[in-house]
Amino acid sequence: MKFEDLLLEIGGFGRFQILILFILCLPRINLPMHFLLHNFLAATPSHHCAIPHQEEFVNLTTEEVLLISIPREPDGTFRSCEMFSRPQFHLLLNSSLQPENNSIIQHCQHGWVYDHSQFTSTISTQWDLVCEQRGLNQATATFFFIGVTMGAVVFGYLSDRFGRKAMLLLSLVCAVVFGMLSAASVSYSMLAITRTLTGVALSGVSLIVLPLGMEWVDIQHRTFSGILTSIFWSIGNMLLAMVAYLVREWHWLLVAVTGPCLLSIVCLWWVPESARWLIANGKVKQAHRHLLRCARMNGRKDFAISPELSPSFHLSQALRRMATEKKPGRSYSYISLFRTPVLRKISLCSGAVWFGVAFSYYGMSMNLTGFGLNMYLSQFVFGVIEIPAKMIMYVLVNRIGRRQSQAWALILTGLCIGANVIIPKPFTSLRSIVAIMGKGFSEAAFTTVFLYTSELYPTVLRQNGMGYTSFVARLGGALAPLVFLLDEVWRSLPEVTYCGVAVCCGSVAFLLPETLNVRLPEGIEDIE
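Residues numbered from 1 in each chain as written. Predicted model: local features only at pLDDT ≥ 70, side-chain atom pairs only at ≥ 80, totals over all residues. Heavy atoms only, no water.

*Asks:* For this particular structure, what's the right way to read the environment of Ile-29?
*Replies:* Mapped onto the fold, Ile-29 is located in helix α2 (residues 15-35). In the structure, Ile-29 is positioned 202 residues away from Ile-231 in sequence and 8.9 Å away in space, judged by C-alpha atoms. When neighbours within four sequence positions are excluded, Ile-29 is seen to be in contact with Phe-232, Gly-236 and Leu-239. (Helix = DSSP H or I, 4+ residues; strand = E, 2+ residues; numbered from the N terminus. Contact = heavy atoms within 4.5 Å.)

This is the structure in C-alpha cells:
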C-alpha cells in the first residue's frame, strides 16, 4: 500500500489541504520582499560632491554654485564622483566651456550631497557607498545570497533529519531575529553580517514550504498546489513595490518586510508535520494522529478500513507496514544524491537547470530601469507579469509535461535576452515587449523548477535534493548582479552571458525524466 492510496481514503485535496496550503503561502509572500529588497534597500539616488565653504557664495544660486564647483558630463549632467579643486568662476559667463585641464579635477574630498526626493535614506546614503565604495553597495546583495546558499545546505539536511515543520519554525524565528537586527545596524559590517544570516534563515523557508504542502496533496492536485504557492511569490513582489513606496527610510523598510514573519509563526501552529516524512522515519503514531485529523476535516470519518482490503486491515497496520518497507533509521546525506546512477544524473542535470533559472531570473529582476518607468512601478509590473506566466504554466505542465515546459521556458528566456542585444536601441517599444516576454518566461521557468524538482527526488531525500539544487541556484543568484560589471569589457556582454547560460541550462532539462502523473517516489529504489 502506497501513501497515495491512503490519501485517496482520507481525501487528497479537501479542506485540510486547502488550509495547509494557504497558511504556507503566508511565508511565501515574505520571501521576495527580502530576496529583491536590495533594489530599494541599497538604491543610490543622484548625488554630487559636497561643496565646502558655501557661505562664500551667498550671492549665487544653487545651480551656479554647482556650475563652478562640479564638472559636467557630455550630456550636461553634473558628475557624481568628481569636483574642481578650486571654483571655476569663468563658467558663469560661458558654461559650455568645460575646463580641458584635468589637473584641476579631483575626487570628492568632503563627502556627498544626495537627492532625497525619492528616498529618505538608503544604505548608500547612510554610509556613502558610492563612487570608490559602490562595490560594497552591490556586495550587500551578494552577501545575502551567500547566506541563502549556506542555508540551502543546512536546512535541506536538517529538514530531512528532524522534520519539515520544526525546521520551518526555526527558520522563521531566525528570520525575525536577524531581520530586526539588520534594521538596527549601526555599521556596514553589522548590516553585512545580519543580512547574510537573514539569508541563511529565509533559505529554510524557501526550501521547506513547497515540499511540506505537496507531501499532503494527491497526484491530481500537485501541480495546482505548486502553482498556487508560486503565485503568492508574485503577490509578494507587488507588495514589495507598495511597501517600498510607502516606507522610504531603510531601517523601517527592513522592519516592514520582516514583521509579517511573526504572523507566519503564529499560523504555523495549525500546520501538521509531513505524514510522508513521519512514516519514512518510523514515527507511525504521529502520522496516524495527523491522518485522523485530515480525515475528520475532509469528512472521511470511516476511512480507517480500506475498501480494497480485508475488514481487519486497519490504518495503523498499513502505516507500520509502510514504515517497515521504508527501513526507518537509515541515515541519508547529500552524498546519497550521487551514489546511484539515476539519482546522480538527476542531481547533476537539475543542478544545472536551477543555476540557469536563478542566474537569468535575478539578472532580470535586479534591473528595474529596463521599462522606462520609475522603479516602484517597474517592481509592481514585474510582479504582475509573473501571474499570467504561472497560469499558462499550470496548463502546459499538465498538457506537455514538466520536462518540455521546463526546458523551453528557460531556453525562450535566454532567446528573449539575446534578442534585445540585436534589436537596435531606437526600437524602444519592441525592446520593451521582448523584455516583458523574457521576464514572463523567466518566471515560468522558476515556477516549474520548484514543482519539477520536488517530484524528481524520493521522500527520504527530497529535502536534501531541494537543498542541493537551491544551493546551486543561490550561487547563480549571487553571481547574477556581478555580471553587470562586465559591461566595462563590452556593453552587451552581460546580456550575452545571461542568454548563453539560460539556453545551455535549458537544454540540459531534456535529459531529466518526466514526472507528469507519476507517483511521488518514496525510497531510492523507486527511482532506480
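*Asks:* Sorry, what's going on with helix α20 (residues 493-508) here?
*Replies:* Helical geometry: 3.6 residues make up each α-helical turn, so side chains three or four residues apart lie on a common side. Compared with the 22 Å implied by 1.5 Å per residue over 16 residues, the 23 Å span of α20 between its first and last C-alpha is a close match. In this fold, the buried residues of α20 make contact with α15 (341-365), α17 (402-422) and α19 (462-483). (Expected span 1.5 Å × (residues − 1).)

*Asks:* Looking at this structure, I do not really get the packing of α15 against helix α18 (residues 428-456). What am I missing?
*Replies:* Helix-helix packing is characterised by the crossing angle of the two axes and by the distance between the axes. Between α15 and α18, the least distance of the axes is 9 Å, while the angle of their chain directions is 150°. Classed by the angle they form, the pair α15 and α18 counts as roughly antiparallel. Here α15 runs over α18; the crossing is left-handed. From α15, Ile-346, Val-353, Trp-354, Val-357, Ala-358, Ser-360, Tyr-361, Tyr-362, Met-364 and Ser-365 reach across to α18, where they touch Ala-435, Gly-438, Lys-439, Ser-442, Glu-443, Ala-445, Phe-446, Val-449, Phe-450, Thr-453 and Leu-456. Looking at the contact of α15 with α18 residue by residue, the class counts come to 14 nonpolar, five polar and two charged. (Axes fitted to C-alpha atoms, helices over the stretch in contact; angles between N-to-C directions. Parallel < 35°, antiparallel > 145°, perpendicular 65-115°, else oblique. Left-handed = near helix turned anticlockwise from the far one by under 90°. Nonpolar A, V, L, I, M, F, W, Y, C, P; charged D, E, K, R; others polar.)

*Asks:* What should I look at first to understand unusual backbone geometry in this one?
*Replies:* Most peptide bonds are trans, and most residues other than glycine sit at a negative phi. Not every positive phi belongs to a glycine, and Cys-131 is a case in point at roughly 55°. As for its placement among the helices and strands, Cys-131 is situated in the loop between α5 (123-127) and α6 (134-162). Owing to a relative accessible area of 5%, Cys-131 belongs among the buried residues under this scheme. At Asn-517, a position not held by glycine, the phi torsion is positive, near 60°. By the secondary structure assignment, Asn-517 is in the loop between α20 and α21 (524-527). The class for Asn-517 is exposed, based on a relative accessible area of 59%. (Buried < 20%, exposed > 50% of the residue type's maximum accessible area, 1.4 Å probe, protein only.)

*Asks:* Explanation requested: the packing of aromatic side chains in the structure shown.
*Replies:* Pairs of aromatic rings are described using the distance from one ring centre to the other and the angle between the two planes. With the rule as written, the count across this model stands at 25 aromatic pairs. Relative to Trp-250, the ring of Trp-127 lies with its centre 5.4 Å away and its plane at 55°, an arrangement referred to as tilted. Of this pair, Trp-127 sits in helix α5 while Trp-250 sits in helix α10 (residues 250-258); the two residues are 123 residues apart in sequence, bridging distant segments of the chain. For Trp-250, a relative accessible area of 1% translates into the label buried. One aromatic cluster is present, built from ring pairs that chain together Phe-35, Phe-144, Phe-145, Trp-233, Trp-354, Tyr-361, Tyr-362, Phe-446 and Phe-450. When the ring centre of Tyr-245 is taken as reference, the NZ or CZ atom of Arg-248 above it lies at 4.7 Å. Lys-439 extends its terminal NZ or CZ atom over the ring of Phe-382, reaching a point 5.2 Å from the ring centre. (Phe/Tyr/Trp six-rings, centres within 6.5 Å; stacked < 30°, edge-to-face > 60°. Lys NZ or Arg CZ within 6 Å of the ring centre and 35° of its normal.)

*Asks:* In this structure, what is going on with the pattern of salt bridges? I would like to understand it.
*Replies:* Any two side chains of opposite charge can pair, so long as their charged atoms come close to each other. As enumerated under the stated definition, the model contains seven salt bridges in all. Note that Glu-215 and Arg-462 form a salt bridge whose closest N and O atoms lie 3.0 Å from each other. You can see Glu-215 sitting in the loop between α8 (188-214) and α9 (222-246) and its partner Arg-462 sitting in helix α19, a full 247 residues away along the chain. Overall, Glu-215 belongs to the buried group, its relative accessible area being 1%. In this structure Arg-462 comes out as buried when scored by relative accessible area, which is 1%. As a salt-bridge pair, Glu-455 and Arg-402 come within 2.9 Å of each other at their nearest N and O atoms. Here Arg-402 lies in helix α17 and Glu-455 lies in helix α18, a separation of 53 residues in the sequence. The same class applies to Glu-455 as to Arg-402, namely buried. Each of Asp-160, Arg-164, Glu-215 and Arg-462 takes part in salt bridges that share partners, so that together they form one network. (Salt bridge = Lys/Arg side-chain N within 4 Å of Asp/Glu carboxyl O.)

*Asks:* When you look at the environment of Thr-194 in this model, what are you seeing that I'm missing?
*Replies:* Relative to the helices and strands, Thr-194 resides in helix α8. Between the C-alpha atom of Thr-194 and that of Met-180, which follows or precedes it by 14 residues, the distance is 8.9 Å. Not counting residues up to four positions away in its chain, the partners in contact with Thr-194 are Phe-178, Leu-181, Ser-182 and Ser-185. Here Leu-191 takes part through its backbone oxygen, which lies 3.1 Å from a polar atom of the side chain of Thr-194. (Polar contact = N/O pair within 3.5 Å; in protein donor to acceptor, adjacent residues only side chain to side chain.)

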